[in-house]
Amino acid sequence: MSMLTVIEKLSILADAAKYDASCASSGTAKRHSVGKSGLGSTEGMGICHAYTPDGRCISLLKVLLTNFCIFDCRYCINRSSSNVKRARFTPAELVKLTLDFYKRNYIEGLFLSSGIIQSPDYTMEQLVEVARSLRQDHGFRGYIHLKTIAEADPALIQKAGLYADRLSVNIELPTEKGLKAYAPEKTGQTIRKAMGDVKQGIVAQKEARRGRLLKKAAVPKFVPGGQSTQMIVGADQANDIDIITTSTKLYKGYQLRRVYYSAYSPIPDASSDLPPIRPPLLREHRLYQADWMFRFYGFSPMEIGASTSKGMLDLDIDPKLSWALKHREWFPVDVNKADQTQLLRVPGLGPLSVKRILSARRVTTLRLQDIGKMTLSLKKILPFIETLDWSPGGLTDMENLRARFTPAPQQMSLFA
Amino acid sequence: MKIIQLSSETDFEGWRQVAKLLWYHHISPQNVMWRGPSTAQGLFDQAEDIRWRGKITSRASLTVPRQFIALAKRAICHQDENRFDKLYQLFWRLQKSPRLLENASDRDVSWLLACDKAIRRDVHKMHAFVRFRKVGEDQAGREQFAAWFEPTHYIVGLATPFFRRRFPNMDWVIVTPYQTAIWNGEDLTFGPGGQKSDIPKNDAIEDQWRTYFSSIFNPARLKVKAMTSEMPKKYWHNLPEADLIPSLIATAQDRELKMQTDAVTTPHPLAAHLKAKQKAVS
């Protein structure tokens with residue numbers, strides 16, 4: 001095999017990494033390099049340095065260390081039965097690439113995954129070595145996200161946590177059945193154990209910090225950015241209730257920061273076991289909205305489930321609106337009197353608008369135009385609120401209120 | 001009518017000193033006109049030097065909520081020519097209604113919040129879109145970088161400390177049309193603005209970056225509106241990867257279609273070989 005240049009390797013190994021969506025450079029401990037050697041800073045929130053035409057942001061250098069792999073997961077372009085062109089970075093090449101990009105302000109840091117070569121332990125060692133070299137040899141203080149090989153030795157995973165801001169293990173598919181069918185070498189048990197180990201490491205570090213006798217005693221940081229996971233949507237038969245149930249269990253059980261939902265995307269050189277569909281992007285979007293309802297709006301998983309029909313979230317309207325239409329007894333909400341929970345249930349009001357309403361109404365009694373100044377659009381909100389000068393009247397309980405919000409049916413083109 | 005001319009576009013301390021003086025002399029917002037250094041001379045005469053006579057004889061106390069100071073320091077960097085007047089209007093009204101800022105539906109307050117949001121967004125975009133090019137390296141191995149950027153508002157002073165925290169061990173300059181930020185390892189200083197031709201034309205690593213940009217994009221997920229809403233076209237001419245975007249968009253649909261219609265290929269023999277190996281072992 002001829003030697004590939006770094007650019008050729010980059011082209012192959014970035015392409016191979018494009019299906020992992022869990023790559024936001026999210027909040028982590030604040031750091032900077034003033035007065036120290038080395039380089040890099042983190043500001044507590046991610047920065048998107050560029051955007052590709054899929055609307056996704058480029059925040060990190062997202063690559064595989066290698067796309068050789070001994071596993072044969074059906075949905076993966078790098079599976080052993082795939083005919084994709086293979087390449088491999090040396091740790092030194094990858095470290096140089098990361099630093100070169102970082103110095104030019106192209107990226108916030110590195111997101112590193114890998115196909116499994118030789119063994120899970122060997123692969124994990126290589127990943128950890130890249131992170132170690134960046135931190136210790138080059139004084140790199142930017143963001144590092146390492147994918148965790150679930151089957152690797154827990155000691156290696158603990159070591160990874162000392163250098164990385166975030167670790168993630170992909171849950172891959174929302175049900176055990178799906179995993180068995182499409183990723184036979186992985187088991188739900190191993191994946192969950194790895195997530196449990198990371199959680200234990202985070203908890204142990206927090207306790208060590210709290211229990212230290214001297215305030216100044218240094219406790220090495222362990223994944224300050226927490227852990228996350230990703231599941232593929234639309235490759236198997238799991239419905240949205242299955243997905244939301246799995247998700248809420250993961251958040252509770254493993255203290256995850258984020259669950260990512262990745263619409264199953266057709267890949268070049270696909271396995272015949274998989275549907276050659278268009279990626280269900282709208283379904284993915286609704287799942288993220290449902291995820292937000294759970295995490296920021298105080299909805300319980302059961303309430304979200306109640307807004308589905310036949311186990312699936314409504315594609316035409318967002319799940320919060322869907323819930324509101326099915327629970328008219330909560331509305332209209334008086335913006336001058338209701339509490340935060342009630343306000344958060346109003347379609348069209350987000351946490352920031354609610355905060356502004358609560359603050360403004362201490363100073364003045366709110367009218368409809370005041371609400372208009374504090375939110376994006378009034379149209380959605382009108383049937384659900386009462387202000388000093390507005391009451392929806394019969395609008396709230398209108399039979400076909402839903403029709404106001406669904407997009408008008410489009411004339412299908414004969415020539416599409 | 002008092003006319004106040006500030007010495008720089010973002011002279012917050014100057015604005016503040018004068019605002020206090022004006023208030024103590026009971027000069028209401030309607031009777032003052034503020035100007036930045038670049039605003040053209042109007043029909044009205046010369047600006048009066050307000051740091052003139054008059055001790056402050058009034059004992060009335062003057063307080064401003066801390067939040068106002070924080071918001072005003074950012075809002076003053078905005079492009080809006082009338083920002084000094086509007087800030088003074090708020091300052092004046094705050095003396096009578098100290099809780100004014102809590103009411104986001106008030107016209108002046110919502111202007112201030114909108115300005116603040118625009119400035120914070122502009123600063124964030126500057127942190128995101130400044131792209132350095134390597135100028136050279138000295139004998140000790142210390143590297144030099146330069147960048148050209150066109151911010152929408154006067155935010156160089158607000159945005160550049162970020163780069164100092166991130167890159168203290170390299171020398172760098174960021175050139176913008178109205179101001180240049182210079183870091184030499186010791187002090188962050190500011191000089192006059194410059195031009196795009198002041199920085200190197202290219203950089204060897206840019207090819208790698210462009211390769212990366214093209215490779216990471218998934219053509220099955222085309223969403224151009226989402227991209228342009230976060231990376232507005234006004235920034236494109238200074239981003240080395242932007243000229244790749246039109247062809248990525250144009251070929252996306254074909255690439256996606258190809259993935260769906262391509263016949264499934266024969267599985268690579270490695271998979272079968274590994275399975276057989278595993279069976280032999282177990």
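In what follows, the accompanying structure is described. (Residues numbered from 1 in each chain as written. Chains lettered and ligands numbered in written order. Predicted model: local features only at pLDDT ≥ 70, side-chain atom pairs only at ≥ 80, totals over all residues. Heavy atoms only, no water.)

All right, on to helix α7 (residues 240–254) of chain A then. All names here are of chain A. An ideal rise of 1.5 Å per residue puts 21 Å on 15 residues; α7 measures up with 21 Å between its terminal C-alpha atoms. Burial in α7 covers these residues: Asp240, Ile243, Ile244, Thr246, Ser247, Thr248, Leu250, Tyr251 and Tyr254. Residues of α7 that are buried make contact with α6 (188–211), β7 (227–233), β8 (258–263), α8 (281–296) and α9 (301–306). Between a side-chain oxygen at the N-terminus of α7 and the backbone nitrogen of Ile241 the separation is 3.1 Å; the capping residue is Asn239. Backbone geometry just downstream of α7 places Gln255 in the positive-phi region, at approximately 50 degrees. (Helix = DSSP H or I, 4+ residues; strand = E, 2+ residues; numbered from the N terminus. Expected span 1.5 Å × (residues − 1). Buried < 20%, exposed > 50% of the residue type's maximum accessible area, 1.4 Å probe, protein only. Contact = heavy atoms within 4.5 Å. Polar contact = N/O pair within 3.5 Å; in protein donor to acceptor, adjacent residues only side chain to side chain.)

Another point: empty space enclosed by the protein. All names here are of chain A. Taken as a whole and assessed by the stated rule, the structure comprises three cavities of 30 Å³ or more. The volume enclosed by the largest cavity comes to roughly 700 Å³. Elements represented by at least two residues in the lining of the largest cavity include exactly β7 and β8. Roughly 60 Å³ of volume is contained in the second largest cavity. Around the second largest cavity, the lining residues are Ile244, Ser247, Thr248, Tyr251, Tyr261, Leu287, Ala290, Asp291 and Phe294. Only α7 and α8 provide two or more residues apiece to the lining of the second largest cavity. Taken together, the residues of the lining of the second largest cavity sort by class into six nonpolar, two polar and one charged. (1 Å grid on protein atoms, 1.4 Å probe; cavity = no way out; pocket = protein on both sides within 12 Å on 5 of 7 lines; lining within 4 Å. Points joined across faces, edges and corners; volume = space filled by probe spheres on them. Nonpolar A, V, L, I, M, F, W, Y, C, P; charged D, E, K, R; others polar.)

Okay, the nonpolar core next. When a protein is soluble and globular, its nonpolar side chains tend to lie buried together. The biggest cluster of nonpolar side chains holds 186 residues, and the ones touching the most others in it are B:Trp15, B:Trp34 and B:Phe68. The contacts of B:Phe68, once residues within four sequence positions are left out, are B:Trp15, B:Leu87, B:Leu90, B:Phe91, B:Leu94, B:Leu101 and B:Leu112. (Core = buried A, V, L, I, M, F, W, Y, C linked by side-chain atoms within 4.5 Å.)

Once that is clear, we can look at the sheet that holds strand β4 (residues 109–113) of chain A. By way of backbone hydrogen bonds, the strands of a sheet pair with one another, either parallel or antiparallel. All names here are of chain A. Spatial ordering of the open sheet is given by β3-β4-β5-β6-β7-β8, a layout of six strands whose pairing is parallel. Edge positions in the sheet fall to β3 (60–64) and β8, since each of these pairs with one other strand and no more. Averaged over all pairs of adjacent strands, the angle between their axes in this sheet comes to 20 degrees, without regard to strand direction. Note that β7 and β8 share six bridges and pair parallel. Its bridge partner being in β8, Ser228 is matched across the sheet by Arg258. (Pairing = 2+ DSSP bridges. Axes fitted to C-alpha atoms, helices over the stretch in contact; angles between N-to-C directions.)

The next point concerns the sheet that holds strand β5 (residues 171–175) of chain B. All names here are of chain B. The sheet built from five strands is open, its strands ordered β3-β4-β5-β6-β7 with mixed pairing. Each end of this open sheet is capped by a strand with a single partner; those strands are β3 (133–137) and β7 (188–192). The mean angle between the axes of side-by-side strands here comes to 20 degrees, regardless of whether they run parallel or antiparallel. Sheet topology places strand β4 (residues 143–148) next to β5; five bridges connect them, and they run parallel. Residue Trp148 lies in a different strand from β5, and its bridge partner there is Val175.

Before going further, it helps to examine the layout of surface pockets. Approximately 340 Å³ is the volume attributed to the second largest pocket. Lining the second largest pocket are 13 residues, with A:Ile70, A:Glu185, B:Leu274, B:Lys275 and B:Gln278 positioned closest to its centre. Among the residues forming the lining of the second largest pocket, the class breakdown is six nonpolar, two polar and five charged.

This brings us to the packing of aromatic side chains. Within a pair of aromatic rings, the relevant descriptors are the distance that separates the centres and the angle that separates the planes. Residue and element names in this part refer to chain B. Overall, the coordinates contain 32 aromatic pairs over all chains when judged by the stated rule. Consider the rings of Phe132 and Phe145, whose centres lie 6.3 Å apart with planes at 70 degrees: the pair is edge-to-face. In this pair, Phe132 is assigned in the loop between α4 (107–129) and β3 and Phe145 in strand β4, connecting sequence segments 13 residues apart. Judged by its relative accessible area of 2%, Phe145 is buried. (Phe/Tyr/Trp six-rings, centres within 6.5 Å; stacked < 30°, edge-to-face > 60°.)

Once that is clear, we can look at the interface of chain B and chain A. A common way to state how big an interface is: give the accessible area lost once the parts meet. With 67 residues of chain B at the contact, the number on the chain A side is 76 residues. Roughly 6100 Å² of surface becomes buried between chain B and chain A when both sides are summed, with 59% attributable to carbon and sulfur atoms. Three residues, B:Arg166, B:Tyr212 and B:Arg221, lead the burial of chain B against chain A; their summed loss comes to 14% of the area buried on that side. At the boundary of chain B and chain A, one finds five salt bridges. One salt bridge connects B:Glu102 with A:Arg362, and the closest N-O pair in it is separated by 3.5 Å. Along the contact surface separating chain B from chain A lie 23 residue pairs in polar contact (both at pLDDT 80 or more). No other element matches helix α7 (residues 206–215) of chain B, which puts eight residues into the side of chain B that touches chain A. Counted by class, the side of chain B that touches chain A contains 34 nonpolar, 14 polar and 19 charged residues. (Buried area = accessible area lost by both parts, 1.4 Å probe. Salt bridge = Lys/Arg side-chain N within 4 Å of Asp/Glu carboxyl O.)

In this section: the state of the cysteines. Evaluation of the coordinates by the stated rule reveals zero disulfides over all chains. Considering cysteine sulfurs only, A:Cys76 is the nearest to A:Cys73, which forms no disulfide, with 6.3 Å between them. With relative accessibility at 7%, the residue A:Cys73 sits in the buried group. B:Cys77 carries a free sulfur, and the closest cysteine sulfur to it, the one in B:Cys115, is 10 Å from it. Accessibility expressed as a relative area gives 5% for B:Cys77, which makes it buried. (Disulfide = S-S within 2.5 Å.)

In contact at an axis separation of 8 Å, helix α1 (residues 6–15) of chain A and α7(B) are set at 25 degrees when each is read in the N-to-C sense. By the criterion of interaxial angle, the relationship of α1(A) to α7(B) is roughly parallel. In this structure, the crossing between α1(A) and α7(B) has a hand that is right-handed. Of the residues in α7(B), those in contact with A:Val6, A:Ile7, A:Leu10, A:Ser11, A:Ala14 and A:Asp15 of α1(A) are B:Asp207, B:Gln208, B:Thr211, B:Tyr212 and B:Ser215. Residues that form the contact of α1(A) with α7(B) fall into these classes: five nonpolar, four polar and two charged. (Parallel < 35°, antiparallel > 145°, perpendicular 65-115°, else oblique. Left-handed = near helix turned anticlockwise from the far one by under 90°.)

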